[in-house]
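If you want the building blocks of each chain, they are given just below.
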Amino acid sequence: MKLGFACKYFNTEAKQPFPLRATTRTRFLSLDKAARLALISDISQHNLSNLYLTLEALAKEPEALRMMRLGSDLLPLFTVPEANELYQDYLPELYSALAKCGDFARAHHIRLSFHPGQYSVLASDNPLVVERAIEDVEYHTLCAKLMGYGKTFQDFKINIHMNGKGGFEGFKTAFNRLSPEAKNMLTVENDEISCSLDDVLQAQELCPIVLDIHHHWVKENEFIRPDDPRIPQIKASWRGVRPVLHYSISQEGIIPPHGWPNQEELGVARTKLRAHSDYYFNDTLNDWALSFKDFDIMCEVKMKNLARDRLFNYAGQGKQQD
């Protein structure tokens, strides 16, 4: 089992030694063409350099901890038309840095992924939103391709939600417009508001299903278990690749530090249950997550790799359920 973290890597002082940088569309558009190119060049080179340093740090950790979600701002503003025009000529200058990151990750068995933002909705009933979502998925696909991925099914994971008024049929129509590489990488997860696990399981023939156990609890008030009859369907959707689940818990002070939280007893609005905690402070829930032994776990928690490390150490103490 691998345990991953999302986007930000913290040192022992809870500071980011290798942060990514970003910029705003407003700032970018306020500049002349030369300054725009200088800005995206500076940030993208900085980001790829720091990504490599992060991968080097991960390579020094146990193999079970070599799993990371990359930040979407790797190439800043790539889908903004005025920036994309500049990237058409500039992008080849980044090829070697991108390839270097991918080669290093594969050599050290680091599992990588992306998670496009909540506004990338392939299942929208608005054609313009779907167009933007496809552009965004293909941008993430391009980054992964330039790192050497997309050659085999799920050699890289690009995860999105299905939520959108177009439902599964809308998602299916948009999915079929994606490039072959994007189809190889795309996964879809259940969410806590609109798309239940049963909803997203409709896509199991198209792409792998990512089980988010916290989303499922918030939406259904159910702690799904490894022996649930839907789990074999989820695993089958990965076609032999080790599946991934997402694990988060509600914020400190919202749920108790021990035992199974009961939504009816908590008396808290569902919107407050959605927010993620800093650390995994409830060992009952930790045992639950770690009982999914056939899955790698993406730790969606505010303290990122530091919280993941605590979960890893807890698992190593042999406290998880058999």
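Further up the page is the structure itself.
A brief look at the structure comes next. Every value quoted in this text rests on a predicted model; they were computed, and no experiment measured them. (Residues numbered from 1 in each chain as written. Predicted model: local features only at pLDDT ≥ 70, side-chain atom pairs only at ≥ 80, totals over all residues. Heavy atoms only, no water.)

## Digging into the nonpolar core
As a reminder of what qualifies: Here, the term nonpolar core denotes a set of buried Ala, Val, Leu, Ile, Met, Phe, Trp, Tyr and Cys residues that are joined through side-chain atoms within 4.5 Å. Buried means the residue's accessible area, taken with a 1.4 Å probe over protein chains only, is under 20% of the maximum for its type, while exposed means over 50%, and partly exposed covers the values in between. Runs of E in the DSSP output that reach at least two residues are strands. Runs of H or I that reach at least four are helices, and both are numbered from the N terminus.
Counting 104 residues, the largest nonpolar core has F156, F171 and Y247 as the members making the most contacts within it. The leading source of residues in this core is helix α2 (residues 33-59), at ten residues.

## Thoughts on the packing of aromatic side chains
Going by this rule: For this analysis, a ring pair means two rings from Phe, Tyr or Trp (six-membered ring only for Trp) whose centres lie within 6.5 Å, classed as stacked if their planes differ by under 30 degrees, edge-to-face if by over 60, and tilted for the remaining angles. Consider the ring centre and the ring normal. A charge sits over the ring if Lys NZ or Arg CZ is within 6 Å of that centre and within 35 degrees of that normal.
If you walk through the whole model with that rule in mind, you get 15 aromatic pairs. The ring centre of F28 lies 5.2 Å from the NZ or CZ of R36, which sits over that ring.

## So, the pattern of salt bridges
The condition is simple: Just to be clear on terms, a salt bridge is a Lys or Arg side-chain nitrogen sitting within 4 Å of an Asp or Glu carboxyl oxygen.
Applying the stated criterion across every chain, the model contains 13 salt bridges. R308 is the partner of E61 in a salt bridge, and the nearest nitrogen-oxygen pair spans 2.9 Å. Of this pair, E61 sits in the loop between α2 and β2 (67-69) while R308 sits in helix α14 (residues 304-316), and the two are 247 residues apart along the sequence. We classify R308 as buried; its relative accessible area is 0%. Among the ionic pairs, R274 bridges to E192, the shortest N-O distance being 3.3 Å. Within this pair, whereas R274 is found in helix α12 (residues 270-274), its partner E192 is found in the loop between β5 (186-189) and α8 (197-200), the two being separated by 82 residues in sequence. Overall, E192 belongs to the buried group, its relative accessible area being 9%. Each of D198, E222, D228 and R230 takes part in a single network of salt bridges with overlapping partners.

## Details of the sheet that holds strand β3 (residues 111-114)
Worth spelling out the cut-off: Think of it this way: DSSP has to see at least two bridges between two strands before they count as a pair. Convention adopted: a line fitted to C-alpha atoms gives each axis, helices being fitted over their contacting stretch, and angles between N-to-C directions are expressed from 0 to 180 degrees.
Reading around the barrel, the eight strands line up as β1-β2-β3-β4-β5-β6-β7-β8 and close back on themselves, with parallel pairing between neighbours. Strand-to-strand twist across the sheet, computed as the mean angle between neighbouring axes with direction ignored, equals 30°. Summarising the sheet, β5 and strand β6 (residues 209-212) pair through two bridges and their orientation is parallel. The partner of V188 across the bridge, within β6, is I209.

## As for α2
Spelled out, the test is: Helices are assigned an expected span. That span is 1.5 Å times one less than the residue count. As used in this structure description, the phrase polar contact means that two N or O atoms lie within 3.5 Å; if the pair is within protein, one of them must be able to donate a hydrogen and the other to accept it, and residues adjacent in sequence are counted only when both atoms belong to side chains.
Between its first and last C-alpha atoms α2 spans 39 Å; for 27 residues at 1.5 Å apiece the expected length is 39 Å, and the two agree. Put simply, D32 is the residue that caps the front of α2, since its side-chain oxygen is 3.3 Å from the backbone nitrogen of A34.

## Considerations on helix α9 (residues 213-220)
Burial of α9 is extensive: six of the eight residues sit out of reach of the surface. Buried within α9 are the following residues: I213, H214, H215, H216, W217 and V218. Two or three places before H214, at the start of α9, stands the capping residue D212, its side-chain oxygen 3.1 Å from that residue's backbone nitrogen. N221 sits one or two positions beyond α9 and adopts a positive phi of about 55°.

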